[in-house]
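# Chains, contacts and geometry: an overview
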Amino acid sequence: MIEVDLQAIAHALTRFAESIAWFVIAAGLFQNAFHIWQLVLAARALRRDRGGPQGRLLWRRYAETAPPIALLVPAYGEELTIVESVRSLLSLQYPAFEVVVVNDGSKDRTLDALLEAFELQPVDRDYELIAPCARIRGLYATARQPKLLVVDKENGGKADALNAALNLSRAPIVCSMDADSLLEPDALLRAVRPFVEDPERMVAVGGSVRIANGCEIRFGRVTRIGVPRNFLAVLQTIEYLRAFLMARLAWSELQSLLIISGAFGLFRREPVLAVGGYSLGTVGEDMELVVKLHKHFRREKKPYRVVFLPEPVCWTECPEDLGVLGRQRARWHRGALETFERHRDVLFNPRYGRVGVLGFGYILIVDVLGPFIELAGYVLVPAFYLLGVLNAAYLWAFLAVSFAFGVVLSVGALALEESELRRFPDVKSLVVLMLAGIVENFGYRQINNFWRVRGTWQYLTKQHSWGTMTRRGFTKAA
Amino acid sequence: MPLLDVIWWIAALLVVSALAWMSGLILLRVVHARRTTRRAADRRQVEAALIGAMQGRSDVEAAFAPFRGRARLLAETLLDFLGIVRGEDRRLVVGALEHLGADRTLRERVFSGSLPGRLASVEALGAFPGPETQFALIRASTRGPAEVRLAALRSLWQAGGEVDVARLVGGLEGGEFPPSGAFSELLRLVVEADPAAAVAALEQLGRSAPARGLLAQALGAAGAYGAIPALTAQAQAPEAPVRTAAIEALGRLQHPAAQPVLARALGDSDWQVRSAAADAVGDARLAGLVEGVANLLDDPVWRVRHQAAAALGKLGPAGTARLEAVARSDHEVARHAAALVLAGVA
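Quantities reported herein were computed from a predicted structural model and do not represent experimental measurements.

From N to C terminus, chain A includes 15 helices and twelve strands. Radius of gyration (C-alpha) of chain A: 24 Å, near the 23 Å computed for a compact globule of 478 residues. Considered along the principal axes of its C-alpha atoms, chain A spans approximately 90 × 50 × 45 Å. Split into buried and exposed, the 478 residues of chain A put 47% on the buried side. A separation of at least 24 residues holds for 79% of the contacts in chain A among residues at least 6 apart in sequence.

What follows is the structure in structure tokens.
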């Protein structure tokens, strides 16, 4: 008969719980310290670049030397908004650019809307299929609007459509974007600055993406910035500030920026083609492309730069419904995991320098292991509490510190925005956003973690769907 | 203090600090809103004063008086204004500002204050020719961030000062200036005024590849025919980017003397050189190189095939005849490239 030494089991359990507790405390402290460091780096970068040129001064400084840009606009099922979006793009303030709209086999009248609005005719254009894409059915243009080229192709997804546009474009710089993104009139001129200042090394530039919900939109332009009325959208406004103004800017400062949003990013065309364009069969094609570029240049031992700029701004509509938002976030997480898996050789590989250690190390801890640690916490904390091995007083105290760090980061990102960019219109908006920066730590952050776990599950079970994004359409000005 | 209390205090301190930071900024916003409105009003007043100066009004001095020490405001408004004013009107405005001592304000601002203000002041000084301005700009071109130094040289150039090719190229090779678009543009202006100096710099032994590439580009853009021998030599440089720049420059010059070197470049091992050579042959209408260009119609690189087909289209009857022959041939790749040009699809 086996004798059960209950005291020994209790002791072992306590030691195990203590180890877990110390691990959680250490990991939490490390993560928060890293994010505070990012906040400091972002503040330093914003302060360094404050007071940049605007309006005609911007044009005076950069227009003469700005290289031509091709805007790559994939469109699927955009019948209602595509014409206004393209009109808005065609009126951007930039010396030389073309707009390559790709109708990615839409089932609605997206193509017809374009053909009718711009009186386009079938044309031919010499091009080479370097980046893989589905069959191109036709090209359309008109002498009346020489900046516009419309590509009609079979459906293949966003990356496929971007590849088609990439093959057909001729400008040395390409700008990837979404058909429903709204670029500020001077966004291209601002974003091209690094390519003008460092033409030899600059490979990719990411711009800020901001939430357009609550803004006033006229003719495809944001004419008045506002705070969304929908609670979920307000929380996302803070989240975007933290992601772009803090995290991406800091990663850029650390020369380890791994993601440039598919909604607005500029790339030198030749290296993008050299790495085979966008990879098909992934939902994280934007991140994947940046990682491929890092690998390419580091393998070739060529100097290069990938940077993020906070000021060229692209506005986008965010989901106002939990279901849609959850699907979007699970997909983003799946994209990060797919990229990590495809390029796992980069992790801690000295050949890839900071990208391998810092960038991929962060993905490993936060994106790959994070959801599992989170999940373990949800199971172990109640279990330990029930077993009586958890000191509830300390648990609450550490939770308070964790929430406090969350508040510092969210409110800190808003403070950076206000002290250096000052785009929100009034005091009321700032107060609402500051409150959102506090509130989002209680519930929203935890739901986000749940979506990440769901994304991990979808990744593990090989679910590849994009999910549907139900758009409300931009609020029109009265 | 017990550890538990310390942890709670840390949490409270973090939240209070963040909220205090943001609350402070919210209070500042109230002040800033007034300041923004005031700045916009000031700018409108300076613009009105500049229009007054252009019209020769007598109250200009009084209109400018409140803004005499506001260098950045003056500089930015002036740069905007001068962007749309030319000739006699421009001379009147600059004369009036000089009379009021605005150039002195700008000169003082060049060496102190925020970077955007310094940069705008340096740029605006380009409108004020004179020894004092030139002296300030020469000083500014030797200190501070690279963008200020480069802007100072550009303004010095605009103000009639001397900026020579050797100074720019030396600065580039010494790491003083980055090979930026602004640098290339200034080099182009300086080379245009003194192509002989640029040729001498290009021919100097030990010159770096980036410098030779930029000099070749600038000579081509300047239309310096005297540079053809130097560019011909660079078209055989060991570095492909230099060869490409030299061939592009020869293409811009469109001179028949470049025919032998272009003929060689059509068979270069680097595709960018071959592409540039095909383009240059087309632009210079060198019908004698029809065969060499036609051979590129089945080049493994699409860009070269595309340029070769387009070049043949520019080479008159000989080129068209060659395109028609290729379009009838059984070589699929070349046939496609030729057919598109014949159909008018570039």
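All right, on to the overall build of chain B then. Regarding its fold elements, chain B presents 20 helices and zero strands. Against the compact-globule benchmark of 20 Å for 346 residues, chain B has a radius of gyration of 29 Å, which places it well outside the compact range. Here chain B holds 346 residues, and the buried ones make up 44% of them.

A word on the sheet that holds strand 7 (residues 182-183) of chain A. Residue and element names in this part refer to chain A. Read across the sheet, ten strands follow the order 3-4-5-2-1-6-11-8-12-7 without closing on themselves; strand pairing throughout is mixed. Each of the sheet's edge strands pairs with one partner strand only, and the pair in question is strand 3 (121-123) and strand 7. Lying over the sheet, helix 10 (residues 285-300) contacts strand 8 (202-211), strand 11 (264-268) and strand 12 (305-316), oriented at roughly 155° with respect to strand 8.

A few words on the interface of chain A and chain B. With 36 residues of chain A in contact, the opposing surface of chain B contributes 34 residues. Only helix 2 (55-62), helix 7 (193-197), helix 13 (392-421) and helix 14 (427-439) of chain A provide two or more residues apiece to the side of chain A that touches chain B. The biggest single contributor to the side of chain A that touches chain B is helix 13 of chain A, with 16 residues.

A separate point is the nonpolar core. Leu71, Leu72, Val73, Val100 and Val192 of chain A are the most contacted members of the largest nonpolar core, which totals 136 residues. Non-local contacts of Val192 of chain A, meaning those with residues more than four positions away in its chain, are made with Tyr62, Ala66, Pro67, Ile69, Ile173 and Leu266 of chain A. Core analysis: the second largest hydrophobic core is formed by 104 residues, Leu57 of chain A together with Ala53, Ala224 and Leu231 of chain B among them.

Residue and element names in this part refer to chain A. Where strand 3 lies against strand 4 (residues 136-141), three bridges are found, and the strand directions are antiparallel. Counted as the bridge partner of Pro122 is Tyr140 from strand 4. The sheet contact formed by strand 4 and strand 5 (residues 148-153) spans four bridges and is antiparallel. For Leu139, the partnering residue across the bridge sits in strand 5 and is Val151. With antiparallel pairing between neighbouring strands as the criterion, strand 4 and strand 5 make up a hairpin whose turn holds six residues.

So, how was this worked out
Residues numbered from 1 in each chain as written. Chains lettered and ligands numbered in written order. Predicted model: local features only at pLDDT ≥ 70, side-chain atom pairs only at ≥ 80, totals over all residues. Helix = DSSP H or I, 4+ residues; strand = E, 2+ residues; numbered from the N terminus. Rg over C-alpha atoms; globule rule 2.2 N^0.38 Å. Buried ≥ 20, exposed ≤ 12 C-beta atoms within 10 Å, placed from the backbone. Contact = placed C-beta atoms within 7 Å. Pairing = 2+ DSSP bridges. Axes fitted to C-alpha atoms, helices over the stretch in contact; angles between N-to-C directions. Core = buried A, V, L, I, M, F, W, Y, C linked by C-beta atoms within 7 Å.

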